[in-house]
Amino acid sequence: MATYKNLPLDDTLAGLVRHMQQVEDYRESLQQLQSNWDNLTLLGQLSGVGTDMSTTRQGFHALTGALINRLAGETLHKTVQEMGGRAQVAIDILVRNLFERTADIGFLATDGEIRAFLAIAEAKRKLYDRDQQLDEPRRSLEARFAEYVAKYSVYSDIVLLNPEGDVVARLDRRVGVDASQHPFVREALITQAAYVETFGPIDLLPTGQPALVYAYRVTNGRGKPAGVLALVFAFENEMAGIFGKLVPAGDWSVVTLLDDAGRVITSSDPDHIAVGTHLTPVLDAPWRVVRFRGQEYLAVSRRSLGYQGYPGPAWTGHVMLPLQQAFASDDAADLHQMPRQVLEIVTQHSNLFGPELKGIPTQAALIQRDLNRSVWNGNVRHRASAAGRDSGFSKTLLWEISKTGQRTQDVFEQSIDNLQATVLWAELADSAFQAALAIDIMDRNLYERANDCRWWALTADFRDALGNRPREAGAHIAPILAAINDLYTVYTLLLVFDTGGRVVAVSRPEGEAWVGETLSDDWTRAVLALPDAQGYAVSDFAATPLYGNRPTYLYGAAIRGTQSTRVVGGVGIVFDAAPQFAAMLRDTLPKASDGAPAKACFAAFVTPTGQVIACSDDRLQPGQTLPLPAERLDLAPGQSWSDVVDLNGQFYAVGARASSGYREFKGPRDPYRNTVIALVFSALCASTGHAEQAEHPRPTLEHDTRHGPHREIATFRVGDEWLGLCSERIHEAVDAVGLTPLPGAEPHFAGLKLYEGQATPVFRLDGLLGAPAPIPAEAQIILLRREDGPPFGLLVDELGEIPEVPAELVKPLPPMASDRAALAEAMICPMHPPGANMVLVLSADRLGAHFLGADPAGRLHLAHSRAA
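Reading the values: rules and limits
- Residues numbered from 1 in each chain as written.
- Predicted model: local features only at pLDDT ≥ 70, side-chain atom pairs only at ≥ 80, totals over all residues.
- Heavy atoms only, no water.
- Core = buried A, V, L, I, M, F, W, Y, C linked by side-chain atoms within 4.5 Å.
- Buried < 20%, exposed > 50% of the residue type's maximum accessible area, 1.4 Å probe, protein only.
- Contact = heavy atoms within 4.5 Å.
- Pairing = 2+ DSSP bridges.
- Helix = DSSP H or I, 4+ residues; strand = E, 2+ residues; numbered from the N terminus.
- Axes fitted to C-alpha atoms, helices over the stretch in contact; angles between N-to-C directions.
- Parallel < 35°, antiparallel > 145°, perpendicular 65-115°, else oblique.
- Left-handed = near helix turned anticlockwise from the far one by under 90°.
- Nonpolar A, V, L, I, M, F, W, Y, C, P; charged D, E, K, R; others polar.
- 1 Å grid on protein atoms, 1.4 Å probe; cavity = no way out; pocket = protein on both sides within 12 Å on 5 of 7 lines; lining within 4 Å.
- Points joined across faces, edges and corners; volume = space filled by probe spheres on them.

(A) Broad picture of the nonpolar core. Counting 154 residues, the largest nonpolar core has L160, W456, Y553, Y555, F581 and F605 as the members making the most contacts within it. If we ignore the near neighbours within four places in the chain, the residues touching Y555 are L446, R449, A450, C453, W523, Y536, A537, V538, V571, G572, I573 and F665. Within the second largest apolar cluster, 29 residues are counted, among which are F716, L725, F749 and M827.

(B) Looking closely at the sheet that holds strand 10 (residues 288-292). A sheet is described by the order of its strands in space; here five strands give the open sequence 9-8-12-11-10, paired in antiparallel fashion. Of all the strands in the sheet, just strand 9 (264-267) and strand 10 have a single pairing partner and so form its edges. Ignoring strand direction, the axes of neighbouring strands in this sheet form an average angle of 35°. Note: strand 8 (residues 254-258) against strand 12 (residues 316-322), five bridges, orientation antiparallel. Among the inter-strand pairings, V255 is bridged to a residue of strand 12, identified as V319. The sheet contacts of helix 2 (residues 54-108) involve strand 8, strand 11 (295-303) and strand 12, and relative to strand 11 the element is tilted by about 50°. Of the strands in this sheet, strand 8 and strand 9 are in contact with helix 6 (residues 235-246), which crosses strand 9 at around 55°.

(C) Fine view of the packing of helix 2 against helix 6. It is the contact of helix 2 with helix 6, at a shortest axis distance of 10 Å, that shows an interaxial angle of 140°. Judged by the inter-axis angle, helix 2 sits oblique to helix 6. Crossing geometry of helix 2 relative to helix 6 is assigned as right-handed. Touching R86, V89, A90, I93, L94 and N97 of helix 2 are F235, E238, M239, I242 and L246, all from helix 6. Among the residues forming the contact of helix 2 with helix 6, the class breakdown is eight nonpolar, one polar and two charged.

(D) Spotlight on empty space enclosed by the protein. This structure, assessed with the given rule, holds one cavity of 30 Å³ or more. Counted as a void, the largest cavity has a volume near 130 Å³. Together, I93, R96, N97, E100, Y307, I441, R444, N445, E448 and Y662 line the largest cavity. Here the lining of the largest cavity is composed, by residue class, of four nonpolar, two polar and four charged.

(E) A look at the environment of V282. With respect to the secondary-structure elements, V282 resides in the loop between strand 9 and strand 10. Residue classification places V282 among the buried positions, given a relative accessible area of 1%. Sequence separation of V282 and R302 is 20 residues, and the distance between their C-alpha atoms is 7.9 Å. Non-local contacts of V282, meaning those with residues more than four positions away in its chain, are made with W287, R288, A299, S301 and H318.

The following block contains the structure:
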């Protein structure tokens, strides 16, 4: 442990806490109060008021250290959790995208038009800009490249090279590069892998700027390499979109990707941390404080988790945040809008708050209880010893001790509330972040589906077979569909149908029964009515026989003839919704130690009407309705919320985010609209619980010693009732620890308390006020004197003030309740709170006679006194 401004502080926090302004504010307040306790302890020893503050001072000092440690620790955890989430998403979202690219290159390299062009080029054996005979086929091929990028806009260029590395066709004709000597060309010709992935300076691009390229060989009819196809991924454009969602405006975080040498390859703020900068990733710890350009930063790094066996490039997501700004946000303030009862139930019963955290308010309450009892006893002793001398100083000192105790308790309660809010807000923020990630993954995935169907609709063989050889179309198209489906495993079935909706070919043997069947639904008609090659049609999320009568999305695009824009059929793809959506949701959830999603969490995709599209586990089935209020699901695209929600008797920390699309998909120019909402649920506790601490506001009695006679009334609480006793009949109050019950005793007999060597009987009043309740842990005992007879004790729940009340305000009981059997001897009307019951002043002698001398009528008379 380190020492920070006279407080013991965890070594890992010592250098950080000075940047946590809210924690510092609480520390300063508590340490100022600690100075007050030091002074009050000294004055108490000098004044002889009989109130020792040493234990209280030491207790509050120890608790201050524990509280500041925990508050700082949770503040750090919240920040690191946010940074870690951003670092992980920055790399994992990219890797998911690149996984799709590995399939693209493998499929496009088999394209018939590319092979045909390379056959012509090989025959001519001349560069494209010197051979006029290649101009027309080249323009046609480059127009096809443009069609491809119009769908798959994640690419900035497509380059086709011959085996010698000469450029024979290219999408971006502005780049004046005729050939490449880069090693990827040779590797693509000989590799046994399904693709070549390379990142770095590429001589195909101007000035050799870094690029991410996917390449593979194109073979001729004999299976020999005829050239190399290279897809240039729009890396900076893609990362700008990722960074835009991860780093909101005004955020000081800088999100980067580092290569395996620690070099920055992209940055959310290149003016701050430039591309090419060398940094050290933090891979052996959750976080680290690092120095960069003379400033301290909190740094977090995360490696990719991979996707479906694809590890991605050996890059690291790395986030840096200036320490001066790392802990500046106060997002937990939003929790003040949450109903107080919900907050109390969650903080008292949720497993978010471990024993150590829950123990802090308990310890603070115990210290405050002991302090209140010490001040209470000081006031009682003061009266006994104040005769014949000026008691003003002692009373003032006791009053100041009481006020300081209350101020200390207030600061502790505020800081504990803030600590609990910080923990809960972190859970809500995590759920919201995961929901945003889930819907982003969904939008990105379905973007690919819209692209796939449109591109496959442009397949020359499909167009030729349907337009020119319809009788032979099925036999010609089926093998191509099967080859595509082998590469793109997210589909259970691919199918091609003619203009009448008749299925002519399918991709899987198990779908052969559909060949010859006619599709006549709205989706099929929408596909055949599409106006151009950029259009696509999507079915509602509904059960379909194409998916075994389970709900899914069907995507489709129109196939047009080779010589005109006339529609000759359509291509349809059946998305394997159940496992794909469930996997997306599971991937976003926090993980247990075994890597499986945490059991207390689940996630779902739903429609705005609450219809379940998918769930991460089997607690919700597609087609069911999620029982949430309609306003919770009435979200505009991109809108989100997080809150504690009661679902089926359980409180959950819930994050929700509505889909907003990806690139062109669901964008302003895309007519397709289909709002989906991702929700992530993290279980907190049962919503049927109750807050354990009920409110028992203390009555305020008028305190005045300046005018006329007065009576000192010691107040206390039993159950919901505040009562009083004349202070001269009180010996002192003690803790109820050590109270020994006697078997077979009457219900009103609490037990024996060993006090000053004597076994003193202790009695309960709650049985006279109503049904007896279990003895609470915070119970205390008031020891009373009688004019004649032995002392005895009363078990009480809480000690109150001991005001000196003007004698005229202490009213005698009405005649109906003033006989000798009544346990109360007077009553006082409190000034506050409004509508409070009168405070009954009990008689020590009558209580003694009742408990020690058997008075069965006492309960009735006390009830009469309260009614009066």
